[in-house]
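# Chains, contacts and geometry: an overview
Here is how the chains run, residue by residue.
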Amino acid sequence: MTEARPGTVASASLWERDEEVATLEEAITALRADSATSGTLLVLSGEAGLGKTALLAETRRIAESRGCAVWSARGGETVTSVPFNVVRQLLQPALVSLLPEEAREYLGDWYDIAGPALGIAEPGDRQPDPQGVCDGLVAAVRRLAKRDWPLVLLIDDAHWADQETLRWLAAFAERLDDLSVLVVVARRPGGVTGESARLLDVVADAAGPISTLSALTPAATEGLTRATLGEHADAPFCREVWAVTGGNPYETVELLAKVQDSELEPSEGSAAELRDLNRSARGRGLVARLEGLGIDATRFAWAAAILGTGISLDLAAQLAGMPDDEASRCAELLGAARILTAAGSENGHRPDGDLEFVHPLIATAVYRSIPDALRTAMHGQAAWAVTESGRGAAAASRHLLEVHPDDDPELVEQMRDAAREHLAVGAPDAARRCLERALKEPPLPEVHARVLYELGCATLLTAPSTTISHLRAALERPGLEDTERVDAVFRLSQALLHNNQLDEAVRTVDAEVDRLEPGPARMRLQAVHYMWEGIHAGEERAGHSSGLAELVTTCTGRDNSERALLILRGFDAMTRGENAEEVVEFCDQALVNGRLAPGLAWTDTEWGVELLLMLGSAYAYADRLDRAESLFSEALHAYVKAGWSGGHLSLANAYLGLAHRRRGRLADAEHYQRESLRLAERVGRGLPLYWSATCGLIDTLLARGHVEQAAEIADRYGFAPPYPSTIVLPDTRSVRGRLLLAVGRTKEGINELEAAEKAAAARGHHNTVLAPWAVDLARALATEDPSRAATLAGDARRHAERFGTDTAIGEALRCAAALETGQRAVRLASQAVAYLEASPCQYEHAAARIEYGIVSRSVTELNKGLTLARTCGADGLVAKASAALAGL
């Protein structure tokens, strides 16, 4: 049994914790053994009072005695709404030791992204991506941990950690394989719901076996009682100690301390008094004991409970309405009563507070003992005090969340300011809470619509259906200015689109277009109308292409609305297989000196990412791969620099992979597409970006000849109908049909390609490179239905010649050659090589060379094709060429 010194709370709470202490010692030993070992995550789970905090204190003692740096933090029941609260606490020992220039050096590119969330840098001009901020925090802790090795991170009361910290902790826990650090998390089981519960489950899954603490046995309670009170404590008295505390270590220690204070004889004759003594350690008994200390001490304890964590003496004094000397006297009195203690006495440096409650159970009991009306009033006073202290609206907002609505316009503005501060550091959930509270006040009629609009913007990326409700309500009220109103309509249509309500998105935009006079605002929404229709994967809407073409006849690229329409016209012409030179001309007109116009950059939010992806795709499939690659590389760089590591970065990787796939750099394409899929997994399955990542990777793996890998990816990520309602590049049905043919499921592959044929016809899409179903279907039908195969190949050639790119014509000729024999096959294969040699698509060129070498029995052509295939990383073509050479 663990040794304990009489009267020592920390060590007394370690009775019957030998196994847990041994596990912690072993982890610390492993940490110090080698800085290259993987990190360790341990989770201590147990109800309140079972010794989790004592085990963390013992971890600190052992770790520091062995030369480890220890950083610690604690969640708080009343501060769960404060974003990044716990992770800021955790990093304070490192942050306070760094000068600003040192912090920037250590954090590198992540400084501007994670710095505002940590409170060491001012927010930038653009609203950060929450996932990017989370990644920045992961990177920050990893870099600082390497500097301070061997490092132990302790997080107490994780069930009360803020959601932003839990998101960081879940991400950090999954990346401990290459970082030597020990993380110990203590939490209560249950009691948490929603996203916080999910994130805690992720942390638990990443940990080793969870240490679930149990109550003390009667024997341990007897040993602890005698160690504290003396060996003369008799057995009946010890059994009663166990009976009244249920073996809860915290309650046992508190009860024994009260026995000492009351000088009660530890014998059977006084055992009956233990129950009354135990009641004073919790609930109403604790409240009565607190009240016994006097009204001033009670009022000060209430003020401390309102402040929660990081309790500063001056703020508590101000809130309690007493001078500093009286506050100090009360703090000493409460310290002697084991209610408050000096902050950091067990959990390390706490520069933002002087005091903390001895135990969360005490904090909860004191907070709940405050009369409801008084508690609400004190939160209002605390908000004022925090604001006056210069901590800002965001710091005050957690108190304002507790204040009853009272038609207070000032509170509404405070909550709007707090929401802006939260958004500026990457905490949209905290912003949402503030704006929802502002609505309950309620706002004045002239600002009500703006609050609804701001709330809709705050929830756009996380809750499309909620966003729809808020933005609709905002548009129904007066108060939005013209530009704000157009923005609100655009964002509402985005939310409807993301909620799979495309028809409603278009109707919403059209209704606003009808209200507006001709001008830039009206043209912007007209462009949005055509953008949403343009990315729809269903049947073409009547008049879409003709209406867009007519509208663009007056556009010269004078402003971003005209530039958007030109991009949409170029994309539409590309998908329909119109002349590629005209496609490029439309796209070029949308640029300013060959670059994206101000306001149309990748991180600008006025238009959204969809428009620029259309621009790059139009270039990619019109054989202007240099421009496409430049655009998508620019996107990747912009998103990394801005810390946008969610859906935007996933799409940038997917489309840069697409550009490399088109060019024939298959290994590079696979790299970017795998990264895209990894990022898409974090955003959520089923979204269009998830399909883009999956489809692109499967297409590239098939091109490389890695058929089994492609099939495995398809199975793992559900690459099968039903398909999304928006266009995915490359074409999903064409890629899946090609995959089915490659794995020998010929009939299913033909059916899938025929479905692609029908979908393309319904959309009016005739670009045989964008959706290559025709050439694949023709090859698949060559034996069983040669007549239809020839028709398909002939149609593909006509469409390719209309489009006019070397790639399209070369691919159509390759297909035609595959259906022929003898000299006609040789002639067509030779023509295909001539076109594809001039094309930027080296994979298709390699395939054409090899096919030409096979039909012409040319060693020279086969060797040329083999060299190209190796350059592309097309292992399947390499094997095909090598086999053909061996057979000659």
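Residues numbered from 1 in each chain as written. Predicted model: local features only at pLDDT ≥ 70, side-chain atom pairs only at ≥ 80, totals over all residues. Heavy atoms only, no water.

### Structural notes on the confidence of the model for the chain
Model confidence for the chain is summarised by a mean pLDDT of 90, while 97% of its residues fall at 70 or above. Long-range and interchain partners of residues 1–10, a stretch whose pLDDT sits below 50, account for 19 contacts in this model, where long-range means more than four residues apart. Counting contacts from residues 345–351, a segment whose pLDDT is below 50, to residues more than four positions away or on other chains yields 18 contacts. (pLDDT = per-residue confidence, 0-100. Contact = heavy atoms within 4.5 Å.)

### So, unusual backbone geometry
Note that the residue after tryptophan 149, namely proline 150, is joined by a cis bond; omega there is -5 degrees. In this chain, leucine 729 is followed by proline 730 through a cis amide linkage whose omega measures -5 degrees. Locating proline 730 in the fold gives a position in the loop between helix H36 (707–716) and helix H37 (732–742). With phi around 50 degrees, aspartate 157 is a residue other than glycine that occupies positive phi space. By secondary structure assignment, the location of aspartate 157 is in the loop between strand S3 (151–156) and helix H8 (163–173). A positive phi is found at aspartate 623, a non-glycine position, where the angle reads about 70 degrees. With respect to the helices and strands, the residue aspartate 623 is situated in the loop between helix H31 (609–621) and helix H32 (625–642). Look at aspartate 623 and you get buried, because its relative accessible area is 14%. (Helix = DSSP H or I, 4+ residues; strand = E, 2+ residues; numbered from the N terminus. Buried < 20%, exposed > 50% of the residue type's maximum accessible area, 1.4 Å probe, protein only.)

### Quick look at the state of the cysteines
Note: disulfide means a covalent bond formed between the sulfur atoms of two cysteine side chains. On inspection of all chains with the given rule, the structure shows zero disulfides. Residue cysteine 587 stays outside any disulfide, its sulfur separated by 14 Å from that of cysteine 555, the closest cysteine. The class of cysteine 587 is buried, set by a relative accessible area of 0%. (Disulfide = S-S within 2.5 Å.)

### Re helix H38 (residues 746–763)
The end-to-end C-alpha separation of H38 is 26 Å, in line with the 26 Å expected for 18 residues at 1.5 Å each. Within H38 the residues assigned to the buried category are Gly749, Ile750, Glu752, Leu753, Ala756, Ala760 and Arg763. One side of H38 holds all its buried residues, which, seen down the axis, span an arc of 160 degrees. Pointing more than 90 degrees away from the buried face of H38 are the exposed residues Lys747, Lys758 and Ala761. Looking at the buried side of H38, the elements it contacts are helix H27 (520–534), helix H29 (560–576), H37 and helix H39 (773–780). The positive-phi residue at the C-terminal boundary of H38 is glycine 764, with phi of around 75 degrees. (Expected span 1.5 Å × (residues − 1). Arc of directions from axis to C-beta.)

### Brief notes about the nonpolar core
One finds Phe300, Trp532 and Trp602 to be the most contacted residues of the largest nonpolar core, which totals 179 residues. A total of ten residues in this core trace back to one element, the largest contributor, which is H31. Once residues lying within four places of it in the same chain are set aside, the contact partners of tryptophan 532 are Phe490, Ser493, Gln494, Leu497, Leu502, Ala505, Val506, Val509 and Glu610. Counting 55 residues, the second largest nonpolar core, distinct from the first, contains Trp71, Ala121, Leu153 and Ala173. (Core = buried A, V, L, I, M, F, W, Y, C linked by side-chain atoms within 4.5 Å.)

### Digging into the packing of helix H7 (residues 130–147) against H8
The relative placement of two packed helices comes down to the angle between their axes together with the axis-to-axis distance. Put simply, H7 and H8 touch, their axes get as near as 9 Å, and they point 60 degrees apart. The orientation of H7 relative to H8 falls into the category oblique. H7 and H8 meet at a crossing whose hand is right-handed. Contact residues: Cys134, Leu137, Val138, Val141 and Arg142 in H7; Arg167, Trp168, Ala171 and Phe172 in H8. Among the residues making up the contact of H7 with H8, the classes are represented as seven nonpolar, no polar and two charged. (Axes fitted to C-alpha atoms, helices over the stretch in contact; angles between N-to-C directions. Parallel < 35°, antiparallel > 145°, perpendicular 65-115°, else oblique. Left-handed = near helix turned anticlockwise from the far one by under 90°. Nonpolar A, V, L, I, M, F, W, Y, C, P; charged D, E, K, R; others polar.)

### Some details on the environment of arginine 576
Topologically, arginine 576 is positioned in helix H29. Sequence separation of arginine 576 and serine 545 is 31 residues, and the distance between their C-alpha atoms is 9.2 Å. Not counting the four nearest positions on each side in its chain, arginine 576 is found in contact with Glu540, Ser545, Arg763, Gly764, His765, His766, Asn767 and Arg802.

### Some words on the side chain of serine 81
Along the chain, serine 81 falls in the loop between strand S2 (69–74) and helix H4 (85–95). Residue serine 81 is classed as buried on the basis of its relative accessible area, which comes to 17%. In contact with serine 81, not counting residues within four places along its chain, are Arg398, Leu401, Ala430 and Arg433.

### Looking at the pattern of salt bridges
Per the counting criterion, the structure on display carries 63 salt bridges. A salt bridge links glutamate 634 to arginine 595; the shortest N-O distance between them is 3.9 Å. In this pair, glutamate 634 is assigned in helix H32 and arginine 595 in the loop between helix H30 (580–589) and H31, connecting sequence segments 39 residues apart. By relative accessible area, which is 26% here, glutamate 634 ends up partly exposed. Among the ionic pairs, arginine 738 bridges to aspartate 776, the shortest N-O distance being 2.9 Å. On the criterion of sequence distance, the pair formed by arginine 738 in helix H37 and aspartate 776 in helix H39 is long-range, its members being 38 residues apart. Aspartate 776 gets classed as buried once you look at its relative accessible area, which sits at 12%. What you see here is one network of salt bridges that share partners, running through Arg661, Arg662, Asp699, Arg738, Asp776 and Glu844. (Salt bridge = Lys/Arg side-chain N within 4 Å of Asp/Glu carboxyl O.)

### Describing the sheet that holds strand S4 (residues 182–187)
Strand-to-strand pairing in sheets goes through backbone hydrogen bonds, with the strands running parallel or antiparallel. Read across the open sheet, the five strands follow the order S2-S3-S4-S1-S5; overall the sheet is parallel. With one partner strand each, in any of the chains shown, S2 and strand S5 (211–212) form the two edges of the open sheet. Pairing of S3 with S4 involves four bridges; the strand directions are parallel. Paired with valine 152 across the two strands is leucine 182, which belongs to S4. Against the sheet, H4 engages S2 and S3, with an angle of about 155 degrees to S2. (Pairing = 2+ DSSP bridges.)

### Quick word on helix H34 (residues 666–683)
For H34, spanning 18 residues, the distance from its first C-alpha to its last is 25 Å, which sits close to the expected 26 Å at 1.5 Å a residue. Burial in H34 covers these residues: Leu666, Ala669, Glu670, Tyr672, Gln673, Ser676, Leu677, Leu679 and Ala680. Against H32, helix H33 (647–663), helix H35 (688–704), H36, helix H43 (842–856) and helix H44 (859–872) lie the buried residues of H34. Immediately downstream of H34, the backbone of glycine 684 shows phi near 135 degrees, a positive value.

### Quick notes on the packing of aromatic side chains
Applying the stated rule across the entire model yields nine aromatic pairs. When the centroid spacing of 5.3 Å and the interplanar angle of 25 degrees are considered together, the rings of tryptophan 168 and phenylalanine 172 count as stacked. Of this pair, tryptophan 168 and phenylalanine 172 both sit in helix H8, four residues apart, roughly one helical turn. Pair check on accessibility: tryptophan 168 and phenylalanine 172 agree, each one buried. With centroids separated by 6.3 Å and ring planes inclined at 80 degrees, the aromatic side chains of tryptophan 602 and tyrosine 639 adopt a geometry described as edge-to-face. Of this pair, tryptophan 602 sits in the loop between H30 and H31 while tyrosine 639 is found in helix H32, placing the two residues 37 residues apart along the sequence. According to the relative accessible area criterion, tryptophan 602 is buried, its value standing at 3%. Of the residues examined, tyrosine 639 reaches a relative accessible area of 1% and is grouped as buried. One aromatic cluster is present, built from ring pairs that chain together Trp602, Phe632, Tyr639, Trp644 and Tyr655. Lying over the aromatic face of tyrosine 106, arginine 147 brings its terminal NZ or CZ to 5.0 Å of the ring centre. (Phe/Tyr/Trp six-rings, centres within 6.5 Å; stacked < 30°, edge-to-face > 60°. Lys NZ or Arg CZ within 6 Å of the ring centre and 35° of its normal.)

### Side note on the environment of leucine 374
In this structure, leucine 374 sits in helix H19 (residues 372–388). Looking at leucine 374, the relative accessible area reads 33%, which means it is partly exposed. A C-alpha to C-alpha distance of 9.8 Å links leucine 374 and tryptophan 302, two positions 72 residues apart in sequence.

### Topic: the pairing of strand S1 (residues 40–45)
Of all six residues making up S1, five are buried, and the element is well covered by its neighbours. In this sheet, S4 lies alongside S1 in parallel orientation, the contact comprising six bridges. Opposite valine 43, over in S4, you have valine 185 as the bridge partner. Where S1 lies against S5, two bridges are found, and the strand directions are parallel. For leucine 44, the partnering residue across the bridge sits in S5 and is serine 211.

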